[in-house]
Amino acid sequence: MPHTPDAFEDDGIDRVPAPKPVHYAEQALLGALLLEPARLADIEQLSSDDFESHTHAALFTAIRTLPAPDPADHAKDTAWLNTVLDVARPHAPGLNASYLHALIQFCPRADHAAAYARIIRTDHARRLLRGHAERLGLTAADPGLPDPAATVLVLADDFSRLLDTLAGEFAPHPGSLPRTALPSPAARQAGPEELDEEQLLLASATASPKDVQQMRWLTADDFVLPLHAGIWQSITALVHRGDVVDPVTVLGEAQHRGLITETLPPRDLMALVSTPAGSAEHWGEQILKRALLTRAQTVAERITGYTDDLVNTPHQLITGSRRALADLNTLRTRYRHATAPATMPAAHPPARAAPLPRAAGPPPNTAPTAPRAHR
């Protein structure tokens with residue numbers, strides 16, 4: 001009768017507080033391979049990198065490295081098992097012979113090795129997605145990078161390629177969207193630098209409304225402070241209607257949008273848009289960059305939440321991750337429009353000049369006669 005997992009899961013090898021299902025799948029698979037090494041042919045796609053446990057990965061590598069024993073000889077003695085242990089132990093010092101025998105006893109059915117391998121590959125895909133999401137979120141939150149936005153977009157592209165690869169390994173099925181209930185994203189905290197940039201944008205846009213026409217890539221959702229977002233909508237509404245723009249007209253539009261309150265009287269709102277510095281496009285790019293990095297962090301948290309929910313199948317994780325990255329890509333498109341170098345109009349070739357009338361003199365191929373020296 002097979003042993004229960006409790007008989008040896010606390011033997012000190014890769015001990016975990018609460019083993020996940022993949023822990024038992026790895027044990028069952030290794031038990032099947034130790035019992036019937038020929039089962040390796042059923043799991044050719046599996047690699048040692050797919051294992052969560054380092055000890056199990058080392059044991060699997062040893063099994064794949066050694067030639068399979070003769071089935072009749074393997075049934076009579078433990079010579080091959082001892083060799084497997086000797087090969088694996090340098091990479092996993094905690095291994096011992098009793099653990100190998102426990103794995104064999106734990107395996108329910110050696111002929112189910114392929115099913116155990118699928119569980120292992122599924123969990124590996126989950127860990128891959130979680131690792132990419134964590135890397136994306138940490139990069140977006142790292143203020144020390146020289147160009148965090150560019151780095152984040154590169155990681156997003158890598159993430160998309162990983163999803164394409166995994167999509168070819170796991171078949172789709174009905175109900176492909178994750179049903180994980182995720183918490184609402186935390187409200188963005190406005191620091192002094194963010195507030196200064198938004199205020200400078202509003203003042204510069206009011207002073208140079210013609211620049212606003214070229215800034216359709218910036219939206220109210222990109223602002224940290226809702227008040228600044230409302231003032232930006234007031235400015236853009238005036239510009240798109242073709243109305244004049246100055247602090248007074250912005251005040252009038254803001255009044256219709258309900259932005260004038262006891263805490264923001266008219267005088268303060270006018271002062272807010274009356275001290276320009278720099279170009280509106282520059283400050284708009286800074287605001288959009290911060291919004292991009294914030295969106296990347298939100299996407300990373302969303303995908304991490306999907307991967308932490310063991311209910312989700314690989315296809316649900318892939319579909320949910322693609323939906324999340326699509327939210328980042330919409331902002332990426334606007335960011336690229338904002339940061340694309342301005343294209344210079346193509347220069348027209350100069351008009352060909354009409355030939356001048358040829359003066360009387362020597363033929364074109366005849367060298368002119370040197371002037372005669374005067375005596």
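Summary of the structure given here. (Residues numbered from 1 in each chain as written. Predicted model: local features only at pLDDT ≥ 70, side-chain atom pairs only at ≥ 80, totals over all residues. Heavy atoms only, no water.)

Some words on the packing of aromatic side chains
Next, step 1: Evaluation of the coordinates by the stated rule reveals 3 aromatic pairs.
Next, step 2: Ring geometry for F51 and F60: centres 5.0 Å apart, planes at 35 degrees, overall tilted. For the pair F51 and F60, one class covers both residues: buried.
Next, step 3: Stacked on the ring of F170, the Lys or Arg R121 has its end atom at 5.5 Å from the ring centre. (Phe/Tyr/Trp six-rings, centres within 6.5 Å; stacked < 30°, edge-to-face > 60°. Buried < 20%, exposed > 50% of the residue type's maximum accessible area, 1.4 Å probe, protein only. Lys NZ or Arg CZ within 6 Å of the ring centre and 35° of its normal.)

Some points on the nonpolar core
Next, step 1: Residues L201, L218, I231 and W232 are the most contacted members of the largest nonpolar core, which totals 59 residues.
Next, step 2: Elements that contribute at least two residues to this core include exactly α6 (113-140), α7 (148-167), α8 (192-207), α10 (226-241), α11 (247-256), α12 (266-272), α13 (280-308) and α14 (314-339).
Next, step 3: The dominant element in this core, judged by the number of residues it contributes, is α13, at 12 residues.
Next, step 4: In this view, L201 contacts M215, L218, F223, W232, A280, W283, G284 and I287; residues no more than four positions away in its chain are not counted. (Core = buried A, V, L, I, M, F, W, Y, C linked by side-chain atoms within 4.5 Å. Helix = DSSP H or I, 4+ residues; strand = E, 2+ residues; numbered from the N terminus. Contact = heavy atoms within 4.5 Å.)

Regarding the layout of surface pockets
Next, step 1: As a volume, the largest pocket reaches approximately 830 Å³.
Next, step 2: The set of elements that each furnish at least two residues to the lining of the largest pocket consists of α8, α13 and α14.
Next, step 3: Top contributing element to the lining of the largest pocket by residue count: α13, with 12 residues.
Next, step 4: A per-class count over the lining of the largest pocket returns 12 nonpolar, 6 polar and 12 charged. (1 Å grid on protein atoms, 1.4 Å probe; cavity = no way out; pocket = protein on both sides within 12 Å on 5 of 7 lines; lining within 4 Å. Points joined across faces, edges and corners; volume = space filled by probe spheres on them. Nonpolar A, V, L, I, M, F, W, Y, C, P; charged D, E, K, R; others polar.)

Here we look at the pattern of salt bridges
Next, step 1: On inspection of all chains with the given rule, the structure shows 19 salt bridges.
Next, step 2: Between R322 and D164 there is a salt bridge, with the nearest N and O atoms lying 2.7 Å from each other. One end of the pair, R322, is in helix α14; the other, D164, is in helix α7, and 158 residues separate them in sequence.
Next, step 3: Residue D164 is classed as partly exposed on the basis of its relative accessible area, which comes to 48%.
Next, step 4: Put simply, D243 and R241 hold a salt bridge, and the shortest N to O gap is 3.0 Å.
Next, step 5: The class of D243 is partly exposed, set by a relative accessible area of 36%.
Next, step 6: Note on R241: relative accessible area 47%, which makes it partly exposed.
Next, step 7: One network of salt bridges, in which partners are shared, links E193, E194, E197 and R290. (Salt bridge = Lys/Arg side-chain N within 4 Å of Asp/Glu carboxyl O.)

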